[in-house]
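This is what each chain is made of:
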Amino acid sequence: MTRTLFRNASVVLPKSVVAASVLVQDGKILDVDASDTAAADRVVDCSGLHLMPGVVDDQVHFRDPGLTHKEDLSTASHACAVGGVTSFLEMPNTKPPAVTIEGVRDKERIAAGKSLVNYGFYIGATPDNVADLADATDVPGIKIFIGSSTGNLLVDQQEALERIFAETRLPICAHCEDEQTVRANAERLAGTTDLADHSRIRDVQAAVIATRRATELARRHQHRFHVLHVSTAAELPLLVDAAPYITAEVCLHHLFFNVDDYPRLGSRIQMNPSIKTAEDNRRLFDALLDNTIQVIATDHAPHTLEEKAQPYPKSPSGLPAVENSLALMLDQVVQGRCSINQVAGWMCDAPARVWGMVGKGRIENGYDADLVLVDLSKRKTIHDADQQTKSKWSPWDSVTLTGWPVATYVGGHKVFDESAGFDESFRGQKLRFDHSRGGYWATPDGIGVE
Ligand code: DOR
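Keep in mind the model is a prediction, meaning the values are calculated, not measured.

Visitor: Help me understand the overall build of the chain, please; the structure alone is not making it clear to me.
Guide: Across its full length, the chain holds 13 helices and 18 strands. The C-alpha radius of gyration computed for the chain amounts to 21 Å, which stays within 12% of the reference 22 Å derived for 450 residues, consistent with globular compactness. Viewed in the frame of its principal axes, the chain has a C-alpha envelope of about 70 × 45 × 40 Å. Here the chain, with 450 residues, has 63% of them falling under the buried criterion. Looking at the chain alone, contacts between residues at least 24 apart form 73% of all its contacts between residues at least 6 apart. Summed over all atoms, the accessible surface of the chain reaches about 16,200 Å², with 49% contributed by carbon and sulfur. With 45 positive and 60 negative side-chain charges, the chain shows a spacing of 1 Å between the two charge centroids.

Quick look at the structure:
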């Protein structure tokens, strides 16, 4: 039996922040309101710091296996540990793509050997693997690329989509950009080398058509569905009053970058779905505040700077973000745009609930002790050279933020802090999912309740 006492923290509970000491025993939270003199093997002095749940990032592309010159599960999980991300759900567009349960198990084996934080892997849909999808258990859910992106996964035939929604039981999530619209726009703009055309090719209509199509399928089949990376205000009416069947996610780049940033940042912000306008940035943030969107994720999708330097449209879409995502939102807390409870709701609790994760996302008795200590007064500038991601760059290079994670604990075990660095010997665990609830429960403050 090992006990750790997090003494005198500002503890971020689901609905409040309280001055308290938290006692952790054998990897689980034993008492969220322990005595500050409780007996413990280790005491962590948290004076001046907030203790919050570890971030659960439900959309990352960690490139292992097959594309490990961009990233692998070791470098990616180091980036997670620095950023306060204690659990991740990884997308199937690796090489080979994870479209069978054996493919998912291969990735779990790689993660068991390399990952400092907890892991889960989606199974990817193809036009003809519905039997694999229907048989899969023990995974967070099914990923459909309704529009193609990096890699060759694509399911856009209506018949195949109907079968997937009708014949499978796991929650489904999708990349929603309409393939026909994107192809027609690309044809119209054929020959362009202007990066700004990326947002004209992958335009608002492409996002709206695909999100409408997918949410319509989910409603008709009453199938749990999560809209990945909503990028436009125009998609929001499709999401209103849609819970518990339909939940949605926004990514940091769609909150903080827009087309006016292309001249300054170039292909660093080339993403699918494309970034849109400053008005979309504002409306997407508002959609978090009013709980139309429940989850913030990164879509961490590294490519090397050499790959990114190719002229458009050869430059690939994707950017790395896991090590800065929490700090980007803590900075918003410091600026007064939202509360730290809301950030914990969007980045920890809601994703854990959307995917039925067992024991994750909250500081509550009995939950896993996946915890982050954050210093809301710490000011730091992001630099490419400091990044843990193998790609060694960030679209937020040279940006100074206030509010940073300073230590990260997985199952009560410190995997990173600023002075000691990483515990290289530690390995995270495979995440467990309980899909029996079949829905996400939401409240106007953005935090799900039973
Ligand atoms: O821009 C993107 N890049 N969007 C995605 O959905 C996939 C990702 C990648 O894997 O590179």
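Visitor: Is there a simple way to think about the site of the ligand in this case?
Guide: Around the ligand there are 14 residues in total, and Arg63, Asn93, Thr150, Asn272 and Ser317 lie nearest to it. Between the ligand and threonine 150, the relevant distance is 2.6 Å, taken from an oxygen atom to a side-chain nitrogen or oxygen of the residue. At 3.1 Å, a side-chain N or O of histidine 303 approaches an oxygen atom of the ligand. Isolated, the ligand exposes 290 Å² of accessible area, and the fraction of that covered by the protein chains is 100%. Within the shell around the ligand, the residues separate by chemical class into two nonpolar, 10 polar and two charged.

Visitor: Can you walk me through the sheet that holds strand 13 (residues 246–251) in this structure?
Guide: Consider a sheet: its strands pair through backbone hydrogen bonds, and that pairing is either parallel or antiparallel. Across the sheet, which stays open at both edges, the six strands sit in the order 9-10-11-12-13-14 with parallel pairing between neighbours. Edge strands, defined here as strands with exactly one partner in the open sheet, are strand 9 (123–124) and strand 14 (295–297). One ladder, built from two bridges, connects strand 9 with strand 10 (residues 142–145); its direction is parallel. Note on strand 10: the bridge partner recorded for isoleucine 123 is isoleucine 142.

Visitor: Honestly, the sheet that holds strand 6 (residues 55–60) in this entry has me stumped. Any pointers?
Guide: Spatially, 6-7-8 is the arrangement adopted by the three strands of the open sheet, whose pairing is parallel. The open sheet has two edge strands with one neighbour each: strand 6 and strand 8 (118–121). Strand-to-strand twist across the sheet, computed as the mean angle between neighbouring axes with direction ignored, equals 20 degrees. Seen against the sheet, helix 2 (residues 101–114) touches strand 7 (85–90) and strand 8 and runs at an angle of roughly 165 degrees to strand 8.

Visitor: Honestly, the side chain of aspartate 417 in this entry has me stumped. Any pointers?
Guide: Mapped onto the fold, aspartate 417 is located in strand 17 (residues 413–417). A distance of 2.8 Å separates a polar atom in the side chain of aspartate 417 from a polar atom in the side chain of lysine 414. Apart from residues lying up to four places away in sequence, aspartate 417 is in contact with Val406 and Ala407.

Visitor: So what exactly am I meant to see when it comes to the pairing of strand 10 here?
Guide: Within a regular beta strand, the side chains point alternately toward one face of the sheet and then the other, so they alternate between its two faces. Of the two faces of strand 10, the one lined by Ile142 and Ile144 and the one lined by Lys143 and Phe145 are each fully buried. In this fold, the crossover linking strand 9 to strand 10 by way of helix 3 (residues 130–135) has right-handed handedness. In this sheet, strand 11 (residues 172–175) lies alongside strand 10 in parallel orientation, the contact comprising four bridges. Each bridged residue has a counterpart across the sheet, and for phenylalanine 145 the counterpart in strand 11 is histidine 175. The β-α-β motif built from strand 10, the intervening helix 4 (residues 158–167) and the parallel element strand 11 has right-handed crossover chirality.

Visitor: Even after reading the chapter, I still don't get the packing of helix 1 (residues 73–83) against helix 2, so can you show me in this structure?
Guide: A pair of packed helices can be characterised by two numbers: the angle between their axes and the separation between those axes. Taken N-terminus to C-terminus, the directions of helix 1 and helix 2 make an angle of 60 degrees; their axes are 9 Å apart at the nearest point. Taken together, the axis directions place helix 1 and helix 2 in an arrangement best described as oblique. Considering only the axes of helix 1 and helix 2, their crossing is right-handed. Touching Leu73, Ser74 and Ser77 of helix 1 are Lys107, Ile110, Ala111 and Lys114, all from helix 2. For the contact of helix 1 with helix 2, the class distribution of residues is three nonpolar, two polar and two charged.

Visitor: When you look at the nonpolar core in this model, what are you seeing that I'm missing?
Guide: Across soluble globular proteins, nonpolar side chains have a tendency to be buried as a group. In this structure, Met52, Ile144, Phe225, Ile293 and Met329 are the most contacted members of the largest nonpolar core, which totals 100 residues. With residues up to four places along the chain from it excluded, the contact list for isoleucine 293 reads Val230, Leu236, Leu239, Ala248, Glu249, Val250, Leu284, Ala287 and Leu288. Formed by 21 residues, the second largest nonpolar core is a distinct cluster that contains Ala9, Ala20, Val24 and Cys46.

Visitor: Please explain helix 2 as it appears in this structure.
Guide: Residue pairs spaced three or four apart in an α-helix point in one direction, given the helix's 3.6 residues per turn. The end-to-end C-alpha separation of helix 2 is 20 Å, in line with the 20 Å expected for 14 residues at 1.5 Å each. Every buried residue of helix 2 is listed here: Gly103, Val104, Lys107, Glu108 and Ala111. Down the axis of helix 2, the sector holding all buried residues measures 140 degrees, keeping them to one side. Counted as exposed and oriented over 90 degrees from the buried face of helix 2: Glu102 and Arg109. Buried positions along helix 2 lie against helix 1, strand 7, strand 8 and strand 9.

Visitor: What exactly am I supposed to notice about the pattern of salt bridges here?
Guide: On inspection of all chains with the given rule, the structure shows 28 salt bridges. Residue aspartate 64 is joined to lysine 114 by a salt bridge in which the shortest nitrogen-to-oxygen separation is 2.7 Å. Residue aspartate 64 is located in the loop between strand 6 and helix 1, and its partner lysine 114 is located in helix 2; the two are separated by 50 residues in the primary sequence. The closest approach of N and O atoms between arginine 283 and glutamate 279, which form a salt bridge, is 3.7 Å.

How each quantity is defined
Residues numbered from 1 in each chain as written. Predicted model: local features only at pLDDT ≥ 70, side-chain atom pairs only at ≥ 80, totals over all residues. Heavy atoms only, no water. Helix = DSSP H or I, 4+ residues; strand = E, 2+ residues; numbered from the N terminus. Rg over C-alpha atoms; globule rule 2.2 N^0.38 Å. Buried < 20%, exposed > 50% of the residue type's maximum accessible area, 1.4 Å probe, protein only. Contact = heavy atoms within 4.5 Å. Areas by Shrake-Rupley, 256 points an atom, 1.4 Å probe, with all protein chains shown as cover. Lys, Arg positive; Asp, Glu negative; His and termini not counted. Charge placed at Lys NZ, Arg CZ, Asp CG, Glu CD. Near = heavy atom within 4 Å. Polar contact = N/O pair within 3.5 Å; in protein donor to acceptor, adjacent residues only side chain to side chain. Nonpolar A, V, L, I, M, F, W, Y, C, P; charged D, E, K, R; others polar. Pairing = 2+ DSSP bridges. Axes fitted to C-alpha atoms, helices over the stretch in contact; angles between N-to-C directions. Right-handed = clockwise from strand over helix to strand, strands pointing away. Parallel < 35°, antiparallel > 145°, perpendicular 65-115°, else oblique. Left-handed = near helix turned anticlockwise from the far one by under 90°. Core = buried A, V, L, I, M, F, W, Y, C linked by side-chain atoms within 4.5 Å. Expected span 1.5 Å × (residues − 1). Arc of directions from axis to C-beta. Salt bridge = Lys/Arg side-chain N within 4 Å of Asp/Glu carboxyl O.

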